[in-house]
Amino acid sequence: YTSSVTQTETEIDENLIVVGVSQVGAESDWRIAQTNSIKEELTTENGFYMIFDNAQQKQENQIKAVRNFILQEVDYIVLDPIVVSGWDNVLQNAKDAGIPVIVIDRNVELEDDSLYVTSILTDSEAEGRNAGYWLADYLEEQGRDEEDINIVMLLGTEGASAQIGRTKGFAEVAADHENWKILERLGGDFTQAKGRESMETLLEKYDDIDVVISENDNMTFGAVDAIQAAGRSCGPDGDMIMISFDAVRAALEAMMAGEINADFECNPLQGPLLAETIRRLENGEEVEKIQYVDETYFDTTMDLETLMKDRAY
Ligand code: GYE
């Protein structure tokens, strides 16, 4: 692991706003879309000098990156925290150094919320609840609302706010349906390889799975592979209902191919709001503590081909 500190040994134009960005990793299509969105906005043409660090899914790397940003005396630190906990010390250091921190995408849990100025978040709990409501409606339409429904879940990175929120939101709705049984929740770290592995385990263990809730699209791709390799099927005409999160392009294509029933969007286009937020802070404006990006969902009743034409990712 090498950090990107050396980049700043070259002279930086004084008029540029220096922003250190600590990114989780490059674990998913969603993550790549979000990184691109940030990189497209924090450009020198737009008045920024960005120092980007990819932590390769390791919190210790993120902490190191933030420490380096402090040493480099950047103007802002943007943190996309892999998990919610463990940030108190390093963010206190940033505050002591007078560097404002912006939390992006995933949330943090701190003793002292004054350690960051604002957060740009996705509402993962709402995403999880919406998945639950969608499933309830779908089962009712199918005349299966009285049937016993066996559910398995593939969870994202343990302790990530996106994992915690989606799990909690879905569990809330599941609790209102006595006939829904969550057989097991297994981790897949938001990656395709681990999604496949966990789905293989679940398929070996249970032969009566009705629904798979997969907390991101890349795990879903792995799960679909596992299901097909086992001679089973998922999607509207398959023997399992497949519900996913993120709604990246490849997932909408998989939905058109009949492999996914519904996909709850998580919006990765966070660069514009991030750039605007920094400009507002530069102007001394008050910025709300939490800003949510807009999100929607997709299912096979929609005209996906047309909808996809306007999507940037
Ligand atoms: O769902 C997943 C990514 O934090 C919301 O992280 C994000 C999640 C997203 O790796 O694909």
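Refer to the structure printed above.
What you see is a predicted model, and the numbers here were worked out from it, not measured in a lab.

Summing up its helical and strand segments, the protein chain has 10 helices and 12 strands in all. Expressed as a percentage of the 313 residues in the protein chain, the buried residues total 55%. Pairs at least 24 apart in sequence give 73% of the contacts found in the protein chain among residues at least 6 apart. Total accessible area on the protein chain stands at roughly 13,900 Å², and carbon and sulfur atoms take up 43% of it. For the protein chain, the centre of its 23 positive side-chain charges and the centre of its 64 negative side-chain charges are spaced 4 Å apart.

Once that is clear, we can look at the pairing of strand β5 (residues 118-121). Side-chain alternation along β5 places T118 and I120 on one buried face and S119 and L121 on a second face that is also buried. The sheet contact formed by strand β4 (residues 101-105) and β5 spans 4 bridges and is parallel. Each residue of the ladder has a partner; that of I102, found in β5, is T118. Here 3 bridges tie β5 to strand β11 (residues 290-292), and the two strands are oriented parallel to one another.

The subject of this paragraph is the sheet that holds strand β10 (residues 262-265). Sheet architecture is open: 6 strands sit in the order β7-β6-β8-β9-β10-β12, paired in mixed fashion. Among the strands making up the open sheet, the edge pair consists of β7 (180-187) and β12 (297-299). The sheet shows a mean angle of 15° between the axes of neighbouring strands, direction not considered. The pairing of strand β9 (residues 241-246) with β10 spans 4 bridges and is classified as parallel. Looking at β10, one finds that I243 is bridged to A262. Of the strands in this sheet, β6 (149-155), β7 and β8 (211-214) are in contact with helix α6 (residues 192-205), which crosses β7 at around 135°.

This part takes up the site of the ligand. Around the ligand, the structure places E27, S28, W30, R31, D105, R106, A162, R166, F190, N216, D246 and C266. Contacts to the ligand include D105, whose side-chain N or O atom sits 3.0 Å from an oxygen atom. Burial of the ligand by the protein amounts to 100% of the accessible area it has alone, namely 300 Å². Looking at the shell around the ligand, the elements with two or more residues in it are α1 (29-41) and α5 (161-174). In terms of residue class, the shell around the ligand is made up of 4 nonpolar, 2 polar and 6 charged.

Next up on the list: the pattern of salt bridges. Where charged atoms from two side chains of opposite charge come close, those side chains can pair. As enumerated under the stated definition, the model contains 18 salt bridges in all. A salt bridge links R31 to D105, with the nearest nitrogen and oxygen atoms 2.9 Å apart. You can see R31 sitting in helix α1 and its partner D105 sitting in strand β4, a full 74 residues away along the chain. Pair check on accessibility: R31 and D105 agree, each one buried.

This part takes up the sheet that holds strand β1 (residues 17-23). Spatially, β2-β1-β3-β4-β5-β11 is the arrangement adopted by the 6 strands of the open sheet, whose pairing is parallel. Every interior strand has two partners, whereas the edge strands, β2 (48-54) and β11, have only one. With strand direction ignored, the average angle separating the axes of adjacent strands in the sheet is 20°. Sheet topology places β1 next to strand β3 (residues 76-79); 4 bridges connect them, and they run parallel. If you follow V21 over to β3, its bridge partner there is V78. In the packing of helix α2 (residues 59-71) onto the sheet, the strands contacted are β1, β2 and β3, and the crossing angle to β1 comes to about 170°.

For an α-helix, 3.6 residues make a turn, and residues three or four places apart therefore share a direction. An ideal rise of 1.5 Å per residue puts 26 Å on 18 residues; helix α4 (residues 124-141) measures up with 26 Å between its terminal C-alpha atoms. The set of residues buried in α4 consists of S124, A126, E127, G128, A131, G132, W134, L135, A136, Y138 and L139. Two residues or fewer after α4 comes G143, characterised by a positive phi angle close to 70°.

Before going further, it helps to spend a moment on the packing of aromatic side chains. Under the criterion given, the structure shown has 4 aromatic pairs. Ring geometry for W134 versus Y138: centroids 4.7 Å apart, planes at 15°, classification stacked. With W134 and Y138 both in helix α4 and 4 residues apart, this pair spans about one turn of that helix. Among the residues examined, Y138 registers a relative accessible area of 13% and is labelled buried. Look at F245 and F264: their rings are 6.0 Å apart centre to centre, the planes differ by 45°, and that puts the pair in the tilted class. Taken as a pair, F245 in strand β9 and F264 in strand β10 lie far apart in primary sequence, 19 residues in all. Just as F245 is buried, F264 falls in that class too.

What counts, and at which threshold
Residues numbered from 1 in each chain as written. Predicted model: local features only at pLDDT ≥ 70, side-chain atom pairs only at ≥ 80, totals over all residues. Heavy atoms only, no water. Helix = DSSP H or I, 4+ residues; strand = E, 2+ residues; numbered from the N terminus. Buried < 20%, exposed > 50% of the residue type's maximum accessible area, 1.4 Å probe, protein only. Contact = heavy atoms within 4.5 Å. Areas by Shrake-Rupley, 256 points an atom, 1.4 Å probe, with all protein chains shown as cover. Lys, Arg positive; Asp, Glu negative; His and termini not counted. Charge placed at Lys NZ, Arg CZ, Asp CG, Glu CD. Pairing = 2+ DSSP bridges. Axes fitted to C-alpha atoms, helices over the stretch in contact; angles between N-to-C directions. Near = heavy atom within 4 Å. Polar contact = N/O pair within 3.5 Å; in protein donor to acceptor, adjacent residues only side chain to side chain. Nonpolar A, V, L, I, M, F, W, Y, C, P; charged D, E, K, R; others polar. Salt bridge = Lys/Arg side-chain N within 4 Å of Asp/Glu carboxyl O. Expected span 1.5 Å × (residues − 1). Phe/Tyr/Trp six-rings, centres within 6.5 Å; stacked < 30°, edge-to-face > 60°.

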